[in-house]
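Chain and residue survey
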Amino acid sequence: MLLLWVSVVAVSALAAPAPGTSGQRREAAQVWPDTPNVVLVVSDSFDGRLTFFPGSQVVKLPFINFMKAHGTSFLNAYTNSPICCPSRAALWSGLFTHLTESWNNFKGLDPNYTTWMDIMEKHGYQTQKFGKLDYTSGHHSISNRVEAWTRDVAFLLRQEGRPMVNLIPKKTQVRVMEGDWETTDRAVNWLRKEAVNSTQPFVLYLGLNLPHPYPSPSSGENFGSSTFHTSLYWLKKVSYDAIKIPKWSPLSEMHPIDYYSSYTKNCTGKFTEKEIKTIRAFYYAMCAETDAMLGEIILALRQLDLLQKTIVIYTSDHGELAMEHRQFYKMSMYEASAHVPLLIMGPGIKANLQVSNVVSLVDIYPTMLDIAGIPLPQNLSGYSLLPLSSETFKNEHQFKRLRPPWILSEFHGCNVNASTYMLRTDQWKYIAYSDGASLPQLFDLSSDPDELTNIATKFPEITYSLDQKLRSIINYPKVSASVHQYNKEQFINWKQSIGQNYSNVIANLRWHQDWLKEPMKYESAIDQWLKTHTPNKI
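Note that residues are indexed from 1 along each chain, following the sequence as it is written. Only residues with pLDDT of at least 70 are given local features in this predicted model, and only at 80 or more are side-chain atom pairs given and counted; all residues enter the totals for whole chains, interfaces and linings. As a convention, hydrogens and water are excluded, and side-chain values are obtained from all of the structure's heavy atoms.

1. Describing the overall build of the protein
To be explicit about the condition: Helix and strand labels come from DSSP, where a helix needs a run of H or I of at least four residues and a strand needs a run of E of at least two; each type is numbered from the N terminus. Throughout this description, buried means an accessible area under 20% of the type-specific maximum (1.4 Å probe, protein chains only), exposed means over 50%, and partly exposed covers the range between. Only heavy atoms enter the contact rule, under which two residues are in contact if any of them lie within 4.5 Å. Throughout, the Shrake-Rupley method with a 1.4 Å probe supplies accessible areas, and for residues the shown protein chains are the sole cover considered.
Along the protein, the regular secondary structure elements total 19 helices and 13 strands. Looking at the protein as a whole, 60% of its 538 residues qualify as buried. Long-range contacts, defined as pairs at least 24 residues apart, comprise 76% of the intrachain contacts of the protein with a sequence gap of at least 6. Element-wise, carbon and sulfur atoms account for 52% of the exposed surface of the protein, whose accessible area totals about 21600 Å².

Here is the structure:
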């Protein structure tokens, strides 16, 4: 049924009533014809640039295109931290990463933290969550934690498997990522059995793992989650000739932080153009499969006559480098990693609108409450998206908090050996580092969208002005010092908990191939780090 609908979606969509054409609108915060339902679909590792031209030319995404045609798409939406748990903590809390101290994939929100969904439930919404959440503390592997804690240690170790592809034998297989499809089925069944009969408005969350790379074999060179995995069915959705081969700087000319990231991600070896193009093709195919799951939700809403009563939001926790800047994964402020999709459609939302304002994931929290007509807390880092996307937005209180012309993103986790801070404005992207040695980066995205030329030294006045603005938003040297202290204390606690097994355990983490060549050298480096930087009491 899904495949049939894909073929006719454009025609059937045009026949649908325009969003927000029925019912009476309420004034002030109560903008909507009736209190709408809300569905939020959040994928993992989806490059937001694929949702608009020219990125949209490389892969067929019919349901994202449906949302674009019938809703508002944000052309400059960003993660507030390009890694799973901290970015999701920002989405669920509405607060910047340093405010919740969600430093890495192990350190997120407290499980009892009050999210926007909790508030909506208290105000009468029926709520339901399916799939990947990953915004609370305590998840992810020991390797992931130790790599983040020890990033200041003076060694360089490969922590990931070399990126690879895997084509499944069955050419026509549609459901490649079975776990995500099962989760999507559960969400659809809930819509059909619960939501359609509800006397309350509902809010549904669906979290997907795709298009995150798959786990690789746990031994040998392919260790970690470095496999791009799909079927020929989805590869046929990719326009191979439109795939761009990214330009790379020579290893000797890379920014030192980029070199550390590329090395720890096992990307400093030789790659042929065919290898790079194939990895990117497989990634785009995984994005096409993600789009189909979004389509299952849209189709179910349509079949149940709920689509015109429901605001649908699609976004992702971060992007995927897919071999840009000689890296895969995320953990970077480059566009492929930090730029996320963000689309909204439904009653009261402008159709076929593209918004160029810079926005970020912390804006989801106030947007959710604004949709429900719930007063917004004053301490939020984000701003409602409704003034940018609503047909008749009249919340006068919201306009008192004017949206700033910048967004903040920060990163404190593994595969990067310095806390990283990005200030993104209309024209500029400024990136500062906490290690005190690495030069900041400045990119003019209007003339250098691939971020190949750092012009920080060429335009010192602009660099200084942006750095001062960044410091007015966040005292990043102080935040970085807090992260250093946290990392040290966590490592010491972990080492003490391991006891006599410490040498064996630390040698056999994801960096085992390099570590086992000179185990004493790397243990000594950690010992030196612990002696040199003894943490203070908090």
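2. Some points on the confidence of the model for the protein
Low pLDDT marks regions whose predicted coordinates should not be analysed in detail. Test applied: The score called pLDDT rates the predictor's confidence residue by residue, from a low of 0 to a high of 100.
Confidence in the prediction of the protein, expressed as mean pLDDT, is 90, and 89% of residues score 70 or more. With pLDDT under 50 throughout, residues 534-538 is counted as low confidence; its partners more than four residues away or in other chains account for nine contacts.

3. Quick notes on the packing of helix α2 (residues 62-70) against helix α10 (residues 273-303)
Counted only if it meets this: Here an angle of 0 to 180 degrees is reported between the N-to-C directions of two axes, which are lines fitted to C-alpha atoms, with helices fitted over the stretch in contact. Each angle is binned into one of four classes, with values under 35 degrees roughly parallel, values over 145 roughly antiparallel, values of 65 to 115 roughly perpendicular, and all other values oblique. Throughout, the ten residues Ala, Val, Leu, Ile, Met, Phe, Trp, Tyr, Cys and Pro are labelled nonpolar, Asp, Glu, Lys and Arg are labelled charged, and all others, Gly among them, are labelled polar.
Packing of α2 against α10 leaves a shortest axis separation of 7 Å and a crossing angle of 55 degrees. By the angle class used here, α2 and α10 are oblique. Residues P62, F63, I64, F66 and M67 of α2 touch α10, and the partners they reach there are D291, A292, L294, G295, I298 and R302. Classifying every residue of the contact of α2 with α10 gives eight nonpolar, one polar and two charged.

4. Here's the deal with the sheet that holds strand β5 (residues 202-207)
Threshold: Note: two strands are recorded as paired if DSSP finds a minimum of 2 bridges between them.
Read from one edge of the open sheet, seven strands run β3-β5-β1-β7-β8-β2-β9, paired in mixed fashion. Of all the strands in the sheet, just β3 (126-131) and β9 (353-360) have a single pairing partner and so form its edges. Strand-to-strand twist across the sheet, computed as the mean angle between neighbouring axes with direction ignored, equals 15 degrees. In this structure, strand β2 (residues 71-78) lies alongside strand β8 (residues 342-345), joined through three bridges in antiparallel fashion.

5. Here we look at the pairing of strand β1 (residues 37-43)
Counting buried residues along β1, seven of its seven residues qualify, which places the element largely inside the surrounding structure. Covered by surrounding structure in β1 are N37, V39, V41 and S43 together with V38, L40 and V42, the residues of both alternating faces. Direction of pairing for β1 relative to strand β7 (residues 310-316): parallel, over a ladder of seven bridges. Note that in β7 the partner of L40 across the bridge is I313. Sheet topology note: the β1/β5 ladder contains five bridges and is parallel.

6. Focus: the environment of Q427
Spelled out, the test is: A 3.5 Å cut-off defines polar contacts: any pair of N or O atoms within that distance qualifies, except that in protein one atom must be a possible hydrogen donor and the other a possible acceptor, and neighbouring residues in sequence count only when both atoms are side-chain atoms.
Along the chain, the position of Q427 falls in the loop between β11 (420-424) and β12 (428-433). It is 5.9 Å that separates the C-alpha atoms of Q427 and D444, two residues lying 17 residues apart in sequence. When neighbours within four sequence positions are excluded, Q427 is seen to be in contact with F443, D444, L445 and S446. Side-chain polar atoms of Q427 contact the side chain of D444, separated by 3.1 Å.

7. With respect to the pattern of salt bridges
As a reminder of what qualifies: One speaks of a salt bridge when a side-chain nitrogen belonging to Lys or Arg is within 4 Å of a carboxyl oxygen belonging to Asp or Glu.
Taken as a whole, this structure holds 19 salt bridges when the rule is applied. Among the ionic pairs, R510 bridges to E160, the shortest N-O distance being 3.1 Å. Here E160 lies in the loop between α6 (142-149) and β4 (164-167) and R510 lies in the loop between α17 (502-507) and α18 (512-515), a separation of 350 residues in the sequence. Close ionic contact of D450 with K244 constitutes a salt bridge, the shortest N to O distance being 2.8 Å. With D450 in the loop between β13 (441-444) and α15 (460-473) and K244 in the loop between α8 (232-235) and α9 (256-264), this residue pair connects regions lying 206 residues apart in the sequence. Residue classification places D450 among the partly exposed residues on the basis of a relative accessible area of 30%. Residues joined by salt bridges that share partners form a network here, namely D44, R88, K132 and D317.

8. Some thoughts on helix α3 (residues 84-93)
The buried fraction of α3 amounts to ten of the ten residues, a majority that puts the element mostly inside the structure. Along α3, the residues that are buried comprise C84, C85, P86, S87, R88, A89, A90, L91, W92 and S93. Of the residues trailing α3, G94 is marked for its positive phi of about 75 degrees.

9. Things to note about the pairing of strand β6 (residues 227-230)
What you see with β6 is no split at all: T227 and H229 on one side and F228 and T230 on the other are buried throughout. Direction of pairing for β4 relative to β6: parallel, over a ladder of four bridges. Within β6, the residue paired with N166 across the bridge is H229.

10. A look at the packing of helix α16 (residues 476-498) against helix α19 (residues 519-532)
The following threshold applies: Handedness of each helix crossing follows the sense of rotation of the near helix against the far helix: counterclockwise by less than a right angle gives left-handed, clockwise gives right-handed.
Packing of α16 against α19 leaves a shortest axis separation of 11 Å and a crossing angle of 125 degrees. In this view, α16 runs oblique relative to α19, as classed from their interaxial angle. Once α16 is placed against α19, the crossing between them reads as left-handed. Contacts from N487, K488, F491, I492 and K495 of α16 reach α19 at I526, D527, W529 and L530. A per-class count over the contact of α16 with α19 returns five nonpolar, one polar and three charged.

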